[in-house]
Amino acid sequence: MNEKDREVLQALRDQTRQILLEHLGGVTRVALLDVPTYQNVGDSMIFAGELTYLRSMGVDIVYMSDIHRFDQSELNRLLGPAGVILLQGGGNFGDIWPEFQAFRENVVESNPHHRIIHLPQSVSFDSEANAQRTNDLLAQHPDFTLLLRESESIARGRRLLPDVRVEFCPDMALGWTPPEVRSSRHREVVLARRDRERAAAIAGQTTSEGAVERDWGLRLGSSMAWRFVRLPGRLARIFPVIRRQRGASAILRWGYLRMTNLNLRSGVKLFSSASHVTTDRLHAHVLAALMGIPHTVYDNSYGKIGAIYREYTHLFSTARFEPTGDGQAAG
């Protein structure tokens, strides 16, 4: 990363930290919920950035959970009455990924006596009826704040969720620093989504001999290690009573951190030999920027990448945005 890009990154980090201090100043204990436990480097980057910011502020994360191993009694026991609940940032707020939306809404509904801050998200609803239902539920909470990571989501949020407090905060993945890796950068990497957010225009973008085309995911030894570190969580999901045993929370936390590390290492390893990256994943764009790799980014299916690019990631000199016409924001 060149000096100009370092200055851009530091300004975004300073802004993010100031926003977090405004919301968490004086807070020493938090619960962090919806921890990612799947093979997605981007969500692990967000989680790693959150951990970095919170540690720098002296905030103790006393309870962590993903959506499948959450235990309300453990949250109550470990967090105490003065603690704050934080919900994981990302790009799944709305009705595109209903499992995650149902989890966060259940947390909000079940915890009226705790302050809840949703870390930076993008908002997308295909159904205004779904948005109205979400608005009505979140508005009942006496102290809920939804942080959004770009202006288009803020405008959409204020229109679709008029009774919910929404504020701006940059994407949390920018708080994570990838390790420096010495490697020959000699090949094109095309990292393309294979899910419902895929950009149609990215198909066939492999342009050079020896190019690599794939999506996030672990290979070989890392995949085997993933299965091992997931084992405590699998048992805790099958046998919920395990979650309340002494030491269970620490063991689950160990698994979360190990899964995060495996994801992050795989992303850095893949990009370490890239002379250029083409992608329709937001955090492949962010990772390439953090590693100083020239890259072209296509918008995803509903426009969240373009919104963030226009807001602040266009400032990175290595990034080039390719408008496609298929990434129109929903809602």
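In what follows, the structure referred to is the one given above.
Being a predicted model, the structure only gives us computed values, none of them experimental.

### Let's talk about the packing of aromatic side chains
Next, step 1: Scanning the model with the defined rule gives eight aromatic pairs in all.
Next, step 2: Pairwise contacts between aromatic rings join Tyr63, Phe70 and Phe103 into one cluster.

### Thoughts on the environment of Leu32
Next, step 1: Within the secondary structure layout, Leu32 lies in strand β1 (residues 29–33).
Next, step 2: Judged by its relative accessible area of 0%, Leu32 is buried.
Next, step 3: Apart from residues no more than four positions distant in its own chain, Leu32 is found in contact with Phe47, Glu50, Leu51, Ile61, Tyr63, Met64, Ser65, Leu86, Gln88 and Leu119.

### So, the sheet that holds strand β9 (residues 212–214)
Adjacent strands of a sheet form backbone hydrogen bonds with each other and so pair up, either parallel or antiparallel.
Next, step 1: An order of β9-β8-β10-β11-β12 is seen for the five strands of this open sheet, with the pairing classed as parallel. Unpaired on one side and paired on the other, β9 and β12 (319–322) mark the two borders of the sheet. Across the sheet, the axes of successive neighbouring strands diverge by a mean angle of 20 degrees, strand direction being ignored.
Next, step 2: Looking at chain direction, strand β11 (residues 295–298) and β12 are connected through four bridges and run parallel. Along β12, the bridge assignment pairs Thr296 with Arg320.
Next, step 3: Its contacts with the sheet put helix α10 (residues 304–311) on β11 and β12, and the angle it makes with β12 is roughly 135 degrees.

### Here's the deal with the side chain of Thr16
Next, step 1: Mapped onto the fold, Thr16 is located in helix α1 (residues 3–24).
Next, step 2: Take Thr16: its relative accessible area is 1%, and that puts it in the buried class.
Next, step 3: A distance of 2.9 Å separates the side chain of Thr16 from the backbone oxygen of Leu12, its partner in a polar contact.
Next, step 4: The contact partners of Thr16, leaving out residues within four places of it in the chain, are Tyr53, Cys169, Pro170 and Met172.

Quick notes on the rules
- Residues numbered from 1 in each chain as written.
- Predicted model: local features only at pLDDT ≥ 70, side-chain atom pairs only at ≥ 80, totals over all residues.
- Heavy atoms only, no water.
- Phe/Tyr/Trp six-rings, centres within 6.5 Å; stacked < 30°, edge-to-face > 60°.
- Helix = DSSP H or I, 4+ residues; strand = E, 2+ residues; numbered from the N terminus.
- Buried < 20%, exposed > 50% of the residue type's maximum accessible area, 1.4 Å probe, protein only.
- Contact = heavy atoms within 4.5 Å.
- Pairing = 2+ DSSP bridges.
- Axes fitted to C-alpha atoms, helices over the stretch in contact; angles between N-to-C directions.
- Polar contact = N/O pair within 3.5 Å; in protein donor to acceptor, adjacent residues only side chain to side chain.

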